[in-house]
Amino acid sequence: MTKEYDLVVLGGGTGGYVAAIRASQLGMQVAIVEDQQLGGTCLHRGCIPSKALLRSAEMYRQMKDVEDFGIELDTYAFNLTNAQKRKDTIIHTLHEGVKALVKKAKVDVYEGFGRILGPSIFSPMPGTISIEHHDKEDNTMLVPKQVLIATGSKPRPLQGFDIDGIHILNSDDALQMKELPTSILIIGGGVIGVEWASMLQDLGVQVTVVENSEHILIDEDSDVRHEVKKELQRRGVKFLTGAKLDADSLKINDSFIDVDVEQEGQVQKVTVEKILVSIGREANINQIGLTNTNIQVKNNVIITNDMYQTKESHIYAIGDCIGGMQLAHVAAAEGKIAVEHMAGLNPDPISKNQIPSCIYSSPEVGRVGLTEQEALEQGYQLKIGKFPFQAIGKAHVVGDAKGFAKIIVDKKTEDIIGIHMVGPQVTDMISEASLARMLDATAWEIAQTMHPHPTLSEIFSEAALAVEGLQIHG
């Protein structure tokens, strides 16, 4: 079967389906080719399932303090089976919602593996999509005017630590665990590794994190990563930073794993029940037909301009397959820009310094803009306001007064160039900081914005006042 479209989107994850819906709104006839399920990694193997389990872990940890809130319990326990059922129910509900949205937008969905063909009888240009169906039917050919590659990413493997899904896991495997291990070694102290460390430690697993760099969360502000590490260590997580694993020493037995770790010239043997490899993600671009085009690839990601066009001007690419920050909301924004550009509109490119990012560990982390270190390296003269949740009344009501907000200001222009938060519910509050960055707000403007009392958001106005040393409650 052959069918023509204005746009074919390769990949139905967050970036892909959002772009498809936006393209439909712009009057295009659109199809999505998806090898697995609409919603992609974010919905099925990433953002949503991991945050569902993190919420279960958070509630379990909070149960330890319920007597302080006047609640008496004789006993309580964590049931992983029920937590997994809740996670799967959330995924199913949201998956059905995505399918309904795509159907409402009159976007056609083809199940199968899509591959870009070169010039052929179907088109003189590269871009015809050949779909290999799982049921072995004959390939379907889609002939689009434009193509959007949104194939996402997968967990990056680590040489010498082959994933078997039993002893050595990646994040996909960990989300499907039926039983909790007694102990685990997490390789990688980035965002994913820290979230898993926080979750599993709260659920009673003894966690050790090995990180090759001198610090965990290397992209975060130094004050933030110090606060996160301090809190996780207080709860029992062990960190080995500036450390190297000796893959040759790896020994896997039925009930435990041994591996040597070198740190500061000293070698120690770590014995755990499981290992989680969490060293980032790599683009899903193999076998999708890029060699049939002039599309450039560097460091295993697709190269585009700021409108997400590749070297083939009618083929665009977005999301994790082009590298960058690899965040679902970024992929969605990129997808909308790409299809608006296809439609002849003039969308503004994304500024990296206006992109919010979050870490859903306990404590949570939210940030937008430059870190203090980045700002100094770029030559800014700074004014900094920092304010603790310890001085925010609502934080004590909630029962979590750890952490702070930090506002970084350009001394010359008074513009805010970075806001960093660590503490309770900051992943939900960071959007105010994003708006401030979008509007080139000053600390004075945030300080003059009335924040209701008692709320956690009062920390914004206090941190803004602290830029000039005028905070009221600190």
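The structure we're discussing is the one just above.
Presented here is a report on the structure given in the accompanying data block. (Residues numbered from 1 in each chain as written. Predicted model: local features only at pLDDT ≥ 70, side-chain atom pairs only at ≥ 80, totals over all residues. Heavy atoms only, no water.)

1. Quick word on helix α11 (residues 426-438)
Note on helix geometry: an α-helix contains 3.6 residues per turn, so any two residues three or four positions apart are oriented the same way.
Phase 1: Here α11 is 13 residues long and its end C-alpha atoms lie 18 Å apart, about the 18 Å a rise of 1.5 Å per residue gives.
Phase 2: Every buried residue of α11 is accounted for by Val426, Thr427, Met429, Ile430, Ala433, Ser434, Ala436 and Arg437.
Phase 3: On its buried face, α11 sits against β20 (357-359), β21 (364-369), β24 (416-423), α12 (443-448) and α13 (458-466).
Phase 4: Trailing α11 by a residue or two, Asp440 shows a phi angle of about 50 degrees, which is positive. (Helix = DSSP H or I, 4+ residues; strand = E, 2+ residues; numbered from the N terminus. Expected span 1.5 Å × (residues − 1). Buried < 20%, exposed > 50% of the residue type's maximum accessible area, 1.4 Å probe, protein only. Contact = heavy atoms within 4.5 Å.)

2. Overview of the packing of helix α3 (residues 47-63) against helix α6 (residues 191-202)
Phase 1: In contact at an axis separation of 8 Å, α3 and α6 are set at 40 degrees when each is read in the N-to-C sense. Here α3 is positioned oblique relative to α6, judged by the angle of their axes. For the element pair α3 and α6, the recorded crossing hand is left-handed. Of α6, the residues touching α3 (which contributes Ser50, Lys51, Leu53, Leu54, Ala57, Tyr60 and Arg61) are Glu195, Met199 and Asp202. (Axes fitted to C-alpha atoms, helices over the stretch in contact; angles between N-to-C directions. Parallel < 35°, antiparallel > 145°, perpendicular 65-115°, else oblique. Left-handed = near helix turned anticlockwise from the far one by under 90°.)

3. Looking at the packing of aromatic side chains
Phase 1: For the coordinates displayed, the defined rule picks out three aromatic pairs.
Phase 2: Consider the rings of Tyr60 and Tyr76, whose centres lie 5.7 Å apart with planes at 70 degrees: the pair is edge-to-face. Note that Tyr60 is positioned in helix α3 and Tyr76 in the loop between α3 and α4 (80-104), a separation of 16 residues in sequence.
Phase 3: Look at Tyr76 and you get partly exposed, because its relative accessible area is 34%.
Phase 4: Members of the aromatic cluster, connected to one another through ring pairs, are Tyr60, Tyr76 and Phe78.
Phase 5: Over the ring of Phe404 we find Lys386; its NZ or CZ atom is 4.4 Å from the centre of that ring. (Phe/Tyr/Trp six-rings, centres within 6.5 Å; stacked < 30°, edge-to-face > 60°. Lys NZ or Arg CZ within 6 Å of the ring centre and 35° of its normal.)

4. Let's talk about the environment of Gln296
Phase 1: Of note, Gln296 is situated in the loop between β16 (281-283) and β17 (297-298).
Phase 2: Separated by 14 residues in the primary sequence, Gln296 and Thr310 have C-alpha atoms spaced 7.2 Å apart.
Phase 3: The residues touching Gln296, leaving out its near neighbours within four places in the chain, are Val301, Ile302, Ile303 and Lys311.

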